[in-house]
Amino acid sequence: MGQTVSTSDFEYKYDDEPHATRRKEMLAKYPEIKTLFGPDPYMKYLVPLIVIFQLVTAYYVIQLPGWAIFILSWALAGTLNHNLSLAMHEICHNLAFGHSSPLMNRLIGFVANIPLCVPSSITFKKYHLDHHRYQGDNKLDVDIPTELEGYFFYNTFTKLIWVFLQPLFYSFRPLFVHPKPLENLEIANTMWTIGWNWFIYNYIGGWALVYLAGGTLLGMGLHPMAGHFISEHYTFIKGQETYSYYGPLNYLAWNVGYHNEHHDFPYVSWSRLPKVKEIAPEYYQMPSYSSWTGLSTSTLLTQRLGPTAESSEAFLLLGTRRKPNKHSLMT
């Protein structure tokens, strides 16, 4: 059913991840980019407000019929829980309180985690920073799908299942690819989340917990916001590892679509990422996206596609895998 992809659809490289080189070159040419470094001054206020809105909404939603709860779980809770998961992405880079207050960043991450119903704030940070340091590394970068995933989810029907279950693969992939020892803060994050789940179930209602947990599953699977999982590092044009998205959903996604900009300068907060592109526009004259929904649909339906209409020679690859540089091993 539908188009198939090769089970070996990865591009393999033997060089270093590209963004460190770009960062050094850009800072030499545009040192004013350093003035953009630092936390966003409003994030520590916005995150609690979104969490409170989610909890209040859950209280009122349980009075609706089941079909309405399901729709709102996808449309509203799905959007806002995805928003909070991307807030945790910003927070893991210490962009809520700054690098001088690591504990406060961890605590605001706990707050963002409440409506998601799944403990993830600390674990995400532990693996995501490796994604930046070792982008595409066969073992250390767990953001890239495994070859086993490429083997089993190879046509439209099976890719549809994979997209729907994407939050589960994203959660469990690190445990199989690169397991790490459990940290004390992860235990605390787990107990915190279980405690809040218990509170929601007992004092708001079981359907409120279903509404919120369903929002996490639905919002990170078959949902417009989830298109960023595919857009960021799936290799649609051989040689380009990271792709940016410049569309309206960035307003709901803490500008995660500015993904080349983010990887070039991970210490620039979401609200200042567009300024990086303004300062150094020539570094971002590369294929990008304007629609996450269109990209997700194309990924499901066809193998041969690209980020722009002109890129007719582009192929969908599951990602760029990086192996040790053969030349560096000889020196």
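Bear in mind that the values here come from a model prediction, so they are computed numbers and not experimental data.

A. Just the overall build of the chain, in detail. The helix and strand inventory of the chain stands at 15 helices and two strands. For the chain, the residues scored as buried account for 53% of the 331 residues in total. Of the contacts made within the chain by residues no fewer than 6 positions apart, 77% connect residues no fewer than 24 positions apart. For the chain, the exposed area adds up to about 15,700 Å²; of that, 67% sits on carbon and sulfur atoms.

B. Main features of the layout of surface pockets. Quantified by volume, the largest pocket comes out at close to 850 Å³. Taken together, 35 residues form the lining of the largest pocket, with S120, F124, P167, Y170 and S171 sitting closest to its centre. Every element with two or more residues in the lining of the largest pocket is listed here: helix 3 (66–92), helix 5 (121–133), helix 8 (166–177), helix 9 (184–204), helix 10 (206–219) and helix 11 (227–233). Ranked by the residues each element gives to the lining of the largest pocket, the list is headed by helix 8, at seven residues. Per-class residue counts for the lining of the largest pocket are 20 nonpolar, 12 polar and three charged. There is about 200 Å³ of room inside the second largest pocket.

C. Main features of the packing of aromatic side chains. Counted by the stated rule, this structure contains 13 aromatic pairs. Plain terms: the ring middles of W196 and F199 are 5.5 Å apart, the flat faces sit at 75° to each other, and that makes the pair edge-to-face. Of this pair, W196 and F199 both sit in helix 9, three residues apart, roughly one helical turn. For K277, the ring lying beneath its charged end belongs to Y246, and the centroid distance is 4.6 Å.

D. View of the packing of helix 9 against helix 10. Relative orientation of the contacting elements helix 9 and helix 10 amounts to 135°, with a least axis distance of 6 Å. When the interaxial angle is binned, helix 9 and helix 10 end up oblique. Together, N197, I200, Y201 and I204 of helix 9 and G206, A208, L209 and L212 of helix 10 make up the contact between the two elements. Classifying every residue of the contact of helix 9 with helix 10 by side-chain character gives six nonpolar, two polar and no charged.

E. Highlighting the side chain of H128. By secondary structure assignment, the location of H128 is in helix 5. Overall, the relative accessible area of 4% leaves H128 in the buried class. In this structure the side chain of H128 is engaged in a polar contact, spanning 3.1 Å, whose partner is the side chain of H132.

F. Here's a closer look at unusual backbone geometry. Phi angles above zero are rare outside glycine, and N94 is one such case at about 65°. Within the secondary structure layout, N94 lies in the loop between helix 3 and helix 4 (102–113). At N255, a residue that is not glycine, the phi angle is positive and equals roughly 55°. Tracing the sequence through the fold places N255 in the loop between helix 11 and helix 12 (259–264). For N255, a relative accessible area of 12% corresponds to the buried category.

G. The arrangement of the environment of A253 in detail. Position of A253 among the secondary structure elements: in the loop between helix 11 and helix 12. Distance in space between the C-alpha atoms of A253 and N83 is 5.4 Å, their sequence separation being 170 residues. Here A253 is in contact with L86, M225 and W292, once residues within four sequence places are set aside.

H. View of a nonpolar patch on the surface. Among the surface-exposed residues, L160, F164, L168, F172, L175, F176, L217 and L222 lie close enough to one another that they form a single nonpolar patch of about 750 Å² accessible area. Those elements giving two or more residues to the nonpolar patch turn out to be helix 7 (156–164) and helix 8.

I. Representation of helix 8 within the structure. In this model helix 8 runs 16 Å from its N-terminal to its C-terminal C-alpha over 12 residues, within 8% of the 16 Å that 1.5 Å per residue would give. Where helix 8 is concerned, the buried positions are Q166, P167, R173, P174 and V177. Mapping the buried residues of helix 8 onto a view down its axis gives an arc of 135°, with all of them on the same face. The elements touched by buried residues of helix 8 are helix 5, helix 6 (147–152), helix 7, helix 10 and helix 11.

J. Geometry of the side chain of T79. Structurally, T79 can be placed in helix 3. The exposure class assigned to T79 is buried, which follows from its relative accessible area of 15%.

K. Spotlight on the nonpolar core. In terms of nonpolar packing, the biggest core is built from 48 residues, with M43, V47 and W254 touching the most fellow members. Elements represented by at least two residues in this core include exactly helix 2 (43–61), helix 3, helix 4, helix 7, helix 9, helix 10, helix 11 and helix 14 (292–301). Per element, the largest residue contribution to this core is eight residues, and it comes from helix 3. When near neighbours in sequence (up to four residues on either side) are disregarded, V47 contacts L84, A87, I108, A112 and W254. Counting 14 residues, the second-largest nonpolar core is a separate cluster that includes V268, L273, V276 and A280.

L. Highlighting the pattern of salt bridges. Under the counting rule described, the total for this entry stands at seven salt bridges. The closest approach of N and O atoms between K29 and E282, which form a salt bridge, is 2.9 Å. With K29 in helix 1 (residues 19–29) and E282 in the loop between helix 13 (273–279) and helix 14, this residue pair connects regions lying 253 residues apart in the sequence. Note that E278 and K275 form a salt bridge whose closest N and O atoms lie 3.6 Å from each other. Placement of the pair is E278 and K275 together in helix 13, with a separation of three residues, close to one helical turn. The exposure class assigned to K275 is partly exposed, which follows from its relative accessible area of 41%.

Criteria and cut-off values
- Residues numbered from 1 in each chain as written.
- Predicted model: local features only at pLDDT ≥ 70, side-chain atom pairs only at ≥ 80, totals over all residues.
- Heavy atoms only, no water.
- Helix = DSSP H or I, 4+ residues; strand = E, 2+ residues; numbered from the N terminus.
- Buried < 20%, exposed > 50% of the residue type's maximum accessible area, 1.4 Å probe, protein only.
- Contact = heavy atoms within 4.5 Å.
- Areas by Shrake-Rupley, 256 points an atom, 1.4 Å probe, with all protein chains shown as cover.
- 1 Å grid on protein atoms, 1.4 Å probe; cavity = no way out; pocket = protein on both sides within 12 Å on 5 of 7 lines; lining within 4 Å.
- Points joined across faces, edges and corners; volume = space filled by probe spheres on them.
- Nonpolar A, V, L, I, M, F, W, Y, C, P; charged D, E, K, R; others polar.
- Phe/Tyr/Trp six-rings, centres within 6.5 Å; stacked < 30°, edge-to-face > 60°.
- Lys NZ or Arg CZ within 6 Å of the ring centre and 35° of its normal.
- Axes fitted to C-alpha atoms, helices over the stretch in contact; angles between N-to-C directions.
- Parallel < 35°, antiparallel > 145°, perpendicular 65-115°, else oblique.
- Polar contact = N/O pair within 3.5 Å; in protein donor to acceptor, adjacent residues only side chain to side chain.
- Patch = residues over 30% accessible without salt bridge, like charges linked within 9 Å, V, L, I, M, F, W, Y side chains within 5 Å.
- Salt bridge = Lys/Arg side-chain N within 4 Å of Asp/Glu carboxyl O.
- Expected span 1.5 Å × (residues − 1).
- Arc of directions from axis to C-beta.
- Core = buried A, V, L, I, M, F, W, Y, C linked by side-chain atoms within 4.5 Å.

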